[in-house]
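Structural overview
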Amino acid sequence: MDIQDLTLDRDGLIAALECNEPAFNEALCKKAYETKVAHIGTDVYLRGLIEISNICAKNCLYCGIRHDNTACTRYELSDEEVLAAATKAARMRYGSVVIQGGERTDAAFVRKITRLLKAIKALPTASEGGIPLGVTLSLGEQPREVYEEWFAAGAHRYLLRIETTNPDLYYKIHPHDALHSHERRMEALQDLKAIGYQAGTGAMIALPWQTAADMADDLLFYKAFDAPMVGMGPYDPNDETPLTQSGAPLLPDEQRFALGLKMIALLRLLMPDINIASATALEVLNPRGRELGILSGANVFMPNITPEEQMVKYNLYDRKTLLRDCPHSGEPRKEENHICKNCVFPFCSLGENLQNGKVTIGWGRWGDSLHFQRNKSIHNE
Ligand code: SAM
Ligand code: SF4
């Protein structure tokens, strides 16, 4: 397939996703990178990722921190640990944090998040003009009143992936009970948007049984929902989950990785001014995965600032490969966000591209999507 022949209708997206020619894939990612630069520039926005807890009430069949996984050692960060991580993000001039965790709707947890949001907003920051940290939440489905409470307490972005737009596939990878409802997830996403959040969504890529048509439909859903931000990444298996143990069909790593990049690239062409995250799941499959995500059209990077002792227990998928050596210098990387002294940037795999100007950093900025800013005027600069 020639890149000139690419169309962004459903058939064109399916053809692009099914094309395995390296030259096409490379041309697509290059075109997406150029589109990003033309519309939103070279800046990458940073969000310090705080994995607040791996305690979850749900049982998604693919996820290593699902409620019934007895092999998972549970933790919950204390208020002090969360605030220390947020303070670190402010000191590093990340501009924003993401608080992500298992889904819990109990009153103590809801109150804790409200309390933390107010405390994070009151932290002194190193951003220009002392702007408070921006906060994105990713804590699953909650009653509308809870979303409202957290919005009022200072959260302004929320990431809730729909996991897949195909309901049949959704029910193949989730238990069939009241806690796991595709319809409810869609409603929750609409609630977030109606409240005024930058309501981000996304799906897993290259799931068992997922077709190119399913993935094309996911892309078209982001467009129809007018998502200001999208976080999507390849499905990576965890041995302790029912999905892996059932022997569900799995594409080889290289194919899941290539699809991960292609989905980012196609979405950038479809929605040139939105925020697209380069997911950690890409780096599980390739040591330069998140960097290649940025060079294929993504513009958001989330350095993990969870205390290391707890980070290793947040095993959605097998994360061992994240503790690799620096791909540039060969310096051993001891932890997921080890700062390599030979690279100019705290996540070493972007070093070269920072130096040659293909990537610049939006230091200390919230980095709201231009798409959202154009639609509303909630931004910090
Ligand atoms: N519990 C919240 C939720 O589900 O929305 C937020 C945290 S959850 C761990 C964040 C995302 O992790 C999910 O939306 C899902 O797409 C992703 N995830 C879980 N297990 C995964 C796996 N095995 N491979 C890739 N992504 C996975
Ligand atoms: Fe819980 Fe989210 Fe994992 Fe589902 S994907 S089991 S809701 S943490």
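Everything here concerns the structure above.
Some details on the overall build of the protein
- Counting its secondary structure elements, the protein contains 15 helices and 12 strands.
- Of all 381 residues assigned to the protein, the portion counted as buried reaches 60%.
- Split by element, the accessible area of the protein, about 14,800 Å² in all, is 53% carbon and sulfur.

Side note on the packing of aromatic side chains
- Inspection of the entire model under this criterion finds seven aromatic pairs.
- Arranged with centres 6.4 Å apart and planes meeting at 75°, the rings of Tyr147 and Tyr197 form a pair that is edge-to-face. Within this pair, whereas Tyr147 is found in helix H5 (residues 144–152), its partner Tyr197 is found in the loop between helix H7 (182–195) and strand E6 (198–200), the two being separated by 50 residues in sequence. For the pair shown, Tyr147 and Tyr197 are each scored as buried.
- Taking 6.2 Å as the distance between ring centres and 65° as the angle between the ring planes, the aromatic pair formed by Phe221 and Tyr222 counts as edge-to-face.
- On the basis of relative accessible area, Phe221 is assigned to the buried category, the value being 16%.
- Exposure remark for Tyr222: the relative accessible area of 0% places this residue in the buried category.
- A cation sits over an aromatic face here: Lys193 above Phe225, 4.1 Å from the ring centre.
- Over the ring of Tyr33 we find Lys358; its NZ or CZ atom is 4.7 Å from the centre of that ring.

Digging into the site of ligand 2
- For ligand 2, the full set of nearby residues is Cys56, Lys58, Cys60, Cys63, Ile65, Arg66 and Gly102.
- When each cavity is represented as a set of grid points, ligand 2 is found to reside in the largest cavity.
- Looking at side-chain class alone, the shell around ligand 2 contains four nonpolar, one polar and two charged residues.

Some thoughts on the site of ligand 1
- With respect to spatial proximity, 18 residues lie near ligand 1, and among them Tyr62, Arg161, Glu163, Arg185 and Asp236 are the closest.
- Gly101 is positioned such that a nitrogen or oxygen atom in its backbone is 3.1 Å from a nitrogen atom of ligand 1.
- Protein contact buries 93% of the 550 Å² of open area that ligand 1 shows by itself.
- Of all the cavities here, the one that holds ligand 1 is the largest cavity.

Details of the layout of surface pockets
- Roughly 430 Å³ of internal volume is contained in the largest pocket.
- Listing elements by their share of the lining of the largest pocket, those giving two or more residues are helix H1 (10–18), helix H2 (22–40), helix H8 (212–225), helix H10 (253–270) and helix H12 (289–295).
- Broken down by element, the residue count for the lining of the largest pocket peaks at seven residues, all from H10.
- For the lining of the largest pocket, the per-class residue count stands at 12 nonpolar, five polar and four charged.

Here's the deal with the packing of H1 against H8
- Here H1 crosses H8 at 125°, and the two axes come no closer than 9 Å. Compared by their axis directions, H1 and H8 come out oblique. For H1 against H8, the interelement crossing comes out right-handed. In this structure, H1 uses Arg10, Leu13, Ile14, Leu17 and Glu18 to contact H8, whose residues at the interface are Ala212, Ala213, Met215, Ala216, Asp217, Leu219 and Leu220.
- Per-class residue counts for the contact of H1 with H8 are nine nonpolar, no polar and three charged.

A look at H7
- If you check H7, its first and last C-alpha atoms are 20 Å apart, about what 14 residues at 1.5 Å a residue would give, namely 20 Å.
- Within the sequence span of H7, burial applies to His182, Arg185, Ala188, Leu189, Asp191, Leu192 and Ile195.
- On its buried face, H7 is in contact with H5, strand E5 (157–159), helix H6 (167–172), E6 and H8.
- A side-chain oxygen of the first residue of H7 lies 3.4 Å from the backbone nitrogen of Glu183; this N-cap is Ser181.
- With its phi angle positive at about 120°, Gly196 sits one or two positions after the end of H7.

Observations concerning the pattern of salt bridges
- Tallied over the full model, the rule gives 21 salt bridges.
- For Glu76, the salt bridge identified is with Lys112, shortest N-O distance 2.9 Å. Here Glu76, found in the loop between strand E2 (48–53) and helix H3 (79–91), pairs with Lys112, found in helix H4 (residues 107–121); they are 36 residues apart in sequence, far enough to count as distant.
- Owing to a relative accessible area of 34%, Glu76 belongs among the partly exposed residues under this scheme.

Description of the pairing of strand E3 (residues 96–101)
- Of all six residues making up E3, six are buried, and the element is well covered by its neighbours.
- Neither face of E3 is open: one carries Ser96, Val98 and Gln100, the other Val97, Ile99 and Gly101, and all of them are buried.
- Across five bridges, E2 lies against E3 in parallel orientation. Within the sheet, the bridge partner assigned to Ile50 lies in E3 and is Ile99.
- In this region the chain leaves E2, passes through H3 and returns to the parallel neighbour E3; the handedness of that crossover is right-handed.
- Here E3 runs beside strand E4 (residues 134–138); their pairing, made up of five bridges, is parallel. When the bridges of E4 are listed, Val97 appears paired with Val135.

What counts, and at which threshold
- Residues numbered from 1 in each chain as written.
- Chains lettered and ligands numbered in written order.
- Predicted model: local features only at pLDDT ≥ 70, side-chain atom pairs only at ≥ 80, totals over all residues.
- Heavy atoms only, no water.
- Helix = DSSP H or I, 4+ residues; strand = E, 2+ residues; numbered from the N terminus.
- Buried < 20%, exposed > 50% of the residue type's maximum accessible area, 1.4 Å probe, protein only.
- Areas by Shrake-Rupley, 256 points an atom, 1.4 Å probe, with all protein chains shown as cover.
- Phe/Tyr/Trp six-rings, centres within 6.5 Å; stacked < 30°, edge-to-face > 60°.
- Lys NZ or Arg CZ within 6 Å of the ring centre and 35° of its normal.
- Near = heavy atom within 4 Å.
- 1 Å grid on protein atoms, 1.4 Å probe; cavity = no way out; pocket = protein on both sides within 12 Å on 5 of 7 lines; lining within 4 Å.
- Sits in = over half its atoms within 2 Å of the grid points.
- Nonpolar A, V, L, I, M, F, W, Y, C, P; charged D, E, K, R; others polar.
- Polar contact = N/O pair within 3.5 Å; in protein donor to acceptor, adjacent residues only side chain to side chain.
- Points joined across faces, edges and corners; volume = space filled by probe spheres on them.
- Axes fitted to C-alpha atoms, helices over the stretch in contact; angles between N-to-C directions.
- Parallel < 35°, antiparallel > 145°, perpendicular 65-115°, else oblique.
- Left-handed = near helix turned anticlockwise from the far one by under 90°.
- Contact = heavy atoms within 4.5 Å.
- Expected span 1.5 Å × (residues − 1).
- Salt bridge = Lys/Arg side-chain N within 4 Å of Asp/Glu carboxyl O.
- Pairing = 2+ DSSP bridges.
- Right-handed = clockwise from strand over helix to strand, strands pointing away.

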